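Chains, contacts and geometry: an overview
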Amino acid sequence: MKEDVILQVNGLKTYFFDRKGKVPAVDGVDFMIRKGETLGIVGESGCGKSVTSMSILKLLPPEGKVVEGEILFKGRDLTKCTSREMEKVRGKEIAMIFQEPMTSLNPVYTVGKQIEEMLRNHQQISKKEAREKAIHMLELVGIPSPEKRVDELLGSQLAPITFVEADGNRAPSAKKLNAKSCNTSQMLVTILKTVLFP
């Protein structure tokens, strides 16, 4: 694998098993992402886009299984990683931004607390430092009050928060994004360019 290749998926097959048999959700996917590249996977609803991502991160439900192929992340085959090994990689080096924010954010806890927890799980920083970083990240996406509970936030505010949560281990130096001045799609593109790929 070349040094500039971050992720390479070869012949990925993910099936779901039930009493009736197997259902191939992903059946032979191949792609490669080099450093600095962006890849968009497009397809109809139910074609396997999310299952491909969940396979990469080993987030499949119990009935789902990668039955064939390799997932090389920085040269390491993630299909061979244990759950404990994946916990060290997932969220720190690679993350998934869920299509539906409520699937990744817990409505019982504040957004700020959830980002703080993620930061402390992957960085050796104090509670105070995690708090300061969380506040800064939320301000970047136009949310000045991290104490607001996620179920009190507008739906348009939730999607940018998942970007912050997924990539909170970086220290973004982007200008503040204002939800009122751009629509959600524009905001997400801006976050990708300024936070993920500065």
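One can find the structure itself at the top, above this paragraph.
Structure report, in brief.

Rules used in this analysis
Residues numbered from 1 in each chain as written. Predicted model: local features only at pLDDT ≥ 70, side-chain atom pairs only at ≥ 80, totals over all residues. Heavy atoms only, no water. Pairing = 2+ DSSP bridges. Helix = DSSP H or I, 4+ residues; strand = E, 2+ residues; numbered from the N terminus. Core = buried A, V, L, I, M, F, W, Y, C linked by side-chain atoms within 4.5 Å. Buried < 20%, exposed > 50% of the residue type's maximum accessible area, 1.4 Å probe, protein only. Axes fitted to C-alpha atoms, helices over the stretch in contact; angles between N-to-C directions. Parallel < 35°, antiparallel > 145°, perpendicular 65-115°, else oblique. Left-handed = near helix turned anticlockwise from the far one by under 90°. Contact = heavy atoms within 4.5 Å. Nonpolar A, V, L, I, M, F, W, Y, C, P; charged D, E, K, R; others polar. Salt bridge = Lys/Arg side-chain N within 4 Å of Asp/Glu carboxyl O. Expected span 1.5 Å × (residues − 1).

Before going further, it helps to spend a moment on the pairing of strand 1 (residues 5-18). Across eleven bridges, the pairing between strand 1 and strand 2 (residues 21-34) is antiparallel. Note that in strand 2 the partner of Val-9 across the bridge is Phe-31. Between strand 1 and strand 2, which follow one another and run antiparallel, lie two residues. When strand 1 meets strand 3 (residues 64-73), the two strands line up antiparallel, connected through eight bridges. When the sheet's bridge partners are listed, Asn-10 is paired in strand 3 with Glu-70.

Let us now look at the nonpolar core. In terms of nonpolar packing, the biggest core is built from 21 residues, with Leu-7, Val-9, Val-51, Ile-56, Ile-71 and Leu-78 touching the most fellow members. Secondary-structure elements contributing two or more residues to this core are strand 1, strand 2, helix 1 (49-57), strand 3 and helix 2 (83-89). Counting eleven residues, the second-largest nonpolar core is a separate cluster that includes Leu-119, Ala-130, Ala-134 and Val-141.

To continue, consider the packing of helix 3 (residues 111-122) against helix 4 (residues 127-140). Between helix 3 and helix 4, whose axes approach to 8 Å, the crossing angle comes to 125°. Relative to helix 4, the element helix 3 is oriented oblique. Here helix 3 and helix 4 pass one another in a crossing that is right-handed. Facing helix 3, whose interface residues are Val-111, Gly-112, Ile-115, Glu-116, Leu-119 and Arg-120, helix 4 presents Lys-127, Ala-130, Arg-131, Lys-133, Ala-134, Met-137 and Leu-138. By residue class, the composition of the contact of helix 3 with helix 4 is seven nonpolar, one polar and five charged.

Turning next to the pattern of salt bridges. Pairing of side chains with opposite charge becomes possible as their charged atoms draw close. Evaluated as defined, the whole model comprises five salt bridges. The shortest N-O distance in the salt bridge between Arg-34 and Asp-4 comes to 3.5 Å. Within this pair, whereas Arg-34 is found in strand 2, its partner Asp-4 is found in the segment before strand 1, the two being separated by 30 residues in sequence. Lys-74 is the partner of Glu-93 in a salt bridge, and the nearest nitrogen-oxygen pair spans 3.2 Å. Of this pair, Glu-93 sits in the loop between helix 2 and helix 3 while Lys-74 sits in the loop between strand 3 and strand 4 (76-77), placing them 19 residues apart in sequence.

Looking now at helix 4. Its 14 residues place the ends of helix 4 20 Å apart at the C-alpha level, agreeing with the 20 Å of an ideal helix rising 1.5 Å per residue. Immediately downstream of helix 4, the backbone of Gly-142 shows phi near 85°, a positive value.

The subject of this paragraph is helix 1. Helical geometry: 3.6 residues make up each α-helical turn, so side chains three or four residues apart lie on a common side. Taken together, the buried positions of helix 1 are occupied by Val-51, Thr-52, Met-54, Ser-55, Ile-56 and Leu-57. The inward-facing, buried residues of helix 1 contact strand 1, strand 2, strand 3 and helix 2. Lys-58 sits one or two residues past helix 1 and shows a positive phi near 55°.

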